[in-house]
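This is what each chain is made of:
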Amino acid sequence: MLERRIRIAAVLLGAFMLLSACGNVAETVAEQVAEQAGGGNVELDIDDDGGTVSIETDDGSMEIGSDLELPDDLLVEVPGGGSVTSVFDFDSDISVVVSYDIEEFEDLIDFYTDWTANQSEEFQASTSEFDSADGISFRTAVWFGETGTSINLTSCRSADSTEDDPDAVCLTISQPK
């Protein structure tokens, strides 16, 4: 099931990137390719300015863009000040990605340390920092819940970054429904 979703998402994103200038023709072609790759019905919508891609399948929906809406049934609290860039809402699970400015990293660690400590679900936490071969530092903090919920903070590069060093924090939340 997950492999099918990944395959559909990869095909649709590739088609979107290659055909986004062609408007409705690109949507129709991408839908047909995705339906053949993964089976089932696929609806694709690329907004007029090309900034948001929405995909509906028999298993759920995917949306990629900026400043998207969080799903109502997401149970993990998300602090304000970030931009929701991806929402995957399937029958069995939800995943979201939210981007924050890099200066928010410590505040986000504190927020999720406190938040996870106050949940009925028990969470295991881990943090790490590493330097790449070219001297770029990356940080990560992860919380894994006993029911399958995961919260991951990673230093990353924003979509419009021109620097090698991370300039953003990517928050990824996955939870079962």
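Note that the structure is a prediction, hence the values are computed from the model and not measured.

Asks: Residue-level account of the nonpolar core, with values.
Replies: Grouped together as the largest cluster of nonpolar side chains are 23 residues, with contacts concentrated most on Val78, Tyr112, Trp143, Ile151, Leu153, Leu171 and Ile173. For this core, the secondary-structure elements that each account for two or more residues are β4 (83–90), β5 (93–101), α3 (105–117), β7 (137–145), β8 (150–156) and β9 (168–176). In terms of residue count, the dominant contributor to this core is α3 (five residues). Discounting residues that sit within four places of it in the chain, Leu171 has contacts with Val78, Val96, Val97, Val98, Tyr100, Tyr112, Ile151, Asn152 and Leu153. Leu44, Ile55, Met62 and Phe90 belong to the second largest nonpolar core, which has seven residues in total.

Asks: Residue-level account of the side chain of Ser86, with values.
Replies: With respect to the helices and strands, Ser86 occurs in strand β4. Look past the residues within four positions of Ser86 in its chain and what remains in contact with it is Glu63, Ile64, Leu68, Ser95, Val96 and Val97.

Asks: Provide a residue-level description of the pairing of β9, including the pertinent values.
Replies: Here β5 pairs with β9 via nine bridges, running antiparallel. Across the sheet, residue Ile94 finds its bridge partner in β9, namely Gln175. Strand direction decides the pairing type here: β8 and β9, joined by seven bridges, are antiparallel. When the sheet's bridge partners are listed, Cys156 is paired in β9 with Ala168.

Asks: Please give an account of the sheet that holds β9 that cites residues and values.
Replies: Across a sheet, strands are paired by hydrogen bonds formed along the backbone, either parallel or antiparallel in direction. Spatial ordering of the open sheet is given by β1-β2-β3-β4-β5-β9-β8-β7-β6, a layout of nine strands whose pairing is antiparallel. Of all the strands in the sheet, just β1 (42–46) and β6 (123–131) have a single pairing partner and so form its edges. Along the sheet, successive strands turn relative to each other by an average axial angle of 10°, direction set aside. With six bridges connecting them, β4 and β5 associate as antiparallel partners. Counted as the bridge partner of Ser83 is Ser99 from β5. Strands β5, β6, β7, β8 and β9 of the sheet are contacted by α3, whose axis makes an angle of about 15° with β7.

Definitions and cut-offs
- Residues numbered from 1 in each chain as written.
- Predicted model: local features only at pLDDT ≥ 70, side-chain atom pairs only at ≥ 80, totals over all residues.
- Heavy atoms only, no water.
- Core = buried A, V, L, I, M, F, W, Y, C linked by side-chain atoms within 4.5 Å.
- Buried < 20%, exposed > 50% of the residue type's maximum accessible area, 1.4 Å probe, protein only.
- Helix = DSSP H or I, 4+ residues; strand = E, 2+ residues; numbered from the N terminus.
- Contact = heavy atoms within 4.5 Å.
- Pairing = 2+ DSSP bridges.
- Axes fitted to C-alpha atoms, helices over the stretch in contact; angles between N-to-C directions.

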